[in-house]
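Chain residues, written in single-letter form:
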Amino acid sequence: MDFFEVIEARRSVRSFRDKPVPRESIERMLAAAGRAPSAMNERPWRFYVTTGDTRLRLGEVIAQSTTYLSEYFETLGPEEYEKAARWYSELGHAPVVIVCTMPIADEELTRLNRHLSIGAAVENMSLTATAEGLGTCIVTSSFWVRDELAELLEVPDDCLIVAIMAVGYAENDQAEPVSSDINIATYLG
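This section reports on the structure supplied with the text. (Residues numbered from 1 in each chain as written. Predicted model: local features only at pLDDT ≥ 70, side-chain atom pairs only at ≥ 80, totals over all residues. Heavy atoms only, no water.)

We now examine empty space enclosed by the protein. Any empty space left between atoms is shown by rolling a water-sized probe over those atoms. This model, assessed by the stated rule, comprises one cavity of 30 Å³ or more. At the level of elements, strand E2 (96–103), helix H6 (108–131) and strand E4 (159–168) are the ones that each hand at least two residues to the lining of the largest cavity. For the lining of the largest cavity, a count of residues per class yields 10 nonpolar, no polar and no charged. (1 Å grid on protein atoms, 1.4 Å probe; cavity = no way out; pocket = protein on both sides within 12 Å on 5 of 7 lines; lining within 4 Å. Points joined across faces, edges and corners; volume = space filled by probe spheres on them. Helix = DSSP H or I, 4+ residues; strand = E, 2+ residues; numbered from the N terminus. Nonpolar A, V, L, I, M, F, W, Y, C, P; charged D, E, K, R; others polar.)

Moving on: the sheet that holds strand E3 (residues 135–139). The antiparallel open sheet is built from four strands, whose spatial order is E1-E2-E4-E3. At either end of the open sheet lies a strand with only one pairing partner, and these are strand E1 (46–50) and E3. Taking the axes of each pair of neighbouring strands and ignoring which way they run, one obtains an average angle of 25 degrees across the sheet. In terms of strand pairing, E1 meets E2 through five bridges, oriented antiparallel. Along E2, the bridge assignment pairs Tyr48 with Val99. Contacting E1, E2, E3 and E4, H6 crosses the sheet at an angle of about 160 degrees to E2. (Pairing = 2+ DSSP bridges. Axes fitted to C-alpha atoms, helices over the stretch in contact; angles between N-to-C directions. Contact = heavy atoms within 4.5 Å.)

Secondary-structure assignment places Ala129 in helix H6. A residue is classified by how much of its surface remains accessible, and Ala129, at 0% relative accessible area, is buried. Linking Ala129 and Tyr169, residues 40 residues apart in sequence, is a C-alpha distance of 9.5 Å. Beyond its immediate stretch of four places on either side in the chain, Ala129 contacts Met29, Leu134 and Thr136. (Buried < 20%, exposed > 50% of the residue type's maximum accessible area, 1.4 Å probe, protein only.)

Quick look at the structure:
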């Protein structure tokens with residue numbers, strides 16, 4: 001695939017096949033993350049790759065975050081709530097889950113720069129996964145259980161979990177389409 005085909009093919013996958021992801025694919029994703037731009041070339045990210053039992057325990061912890069989303073789930077109704085709670089606990093049966101952390105920063109500009117840098121790194125990983133024939137889903141609802149996740153993964157106290165990425169082979173090609181609409185406020189010349 002050429003670059004634009006990869007961009008067109010990238011989707012958020014929410015259901016994965018029971019098929020192991022080659023270590024080489026994960027290593028290429030991490031290498032792509034390392035090539036992302038970062039403010040002052042800080043490269044503030046650290047990635048925790050989970051599989052097997054640790055990945056299952058991670059899903060159990062993330063499922064607890066649905067408690068904090070009760071107001072949102074009330075609008076979904078009981079059936080959709082159950083579906084969402086199941087998805088968070090199983091993470092679509094993704095065989096690999098990558099957790100991204102960054103050093104805690106007191107200064108607002110430093111936090112902003114780190115978040116933008118990590119966004120670029122996560123996007124590089126997602127595009128690389130697509131080129132590898134894999135699907136991803138980026139999850140931030142772990143925000144409410146980040147302390148429990150940090151304990152599980154032994155994340156140092158001076159770091160913060162900012163994103164989680166489920167990775168695997170898509171169960172089908174019915175992943176939701178991505179809109180190509182662009183909101184451009186003004187072209188300045």
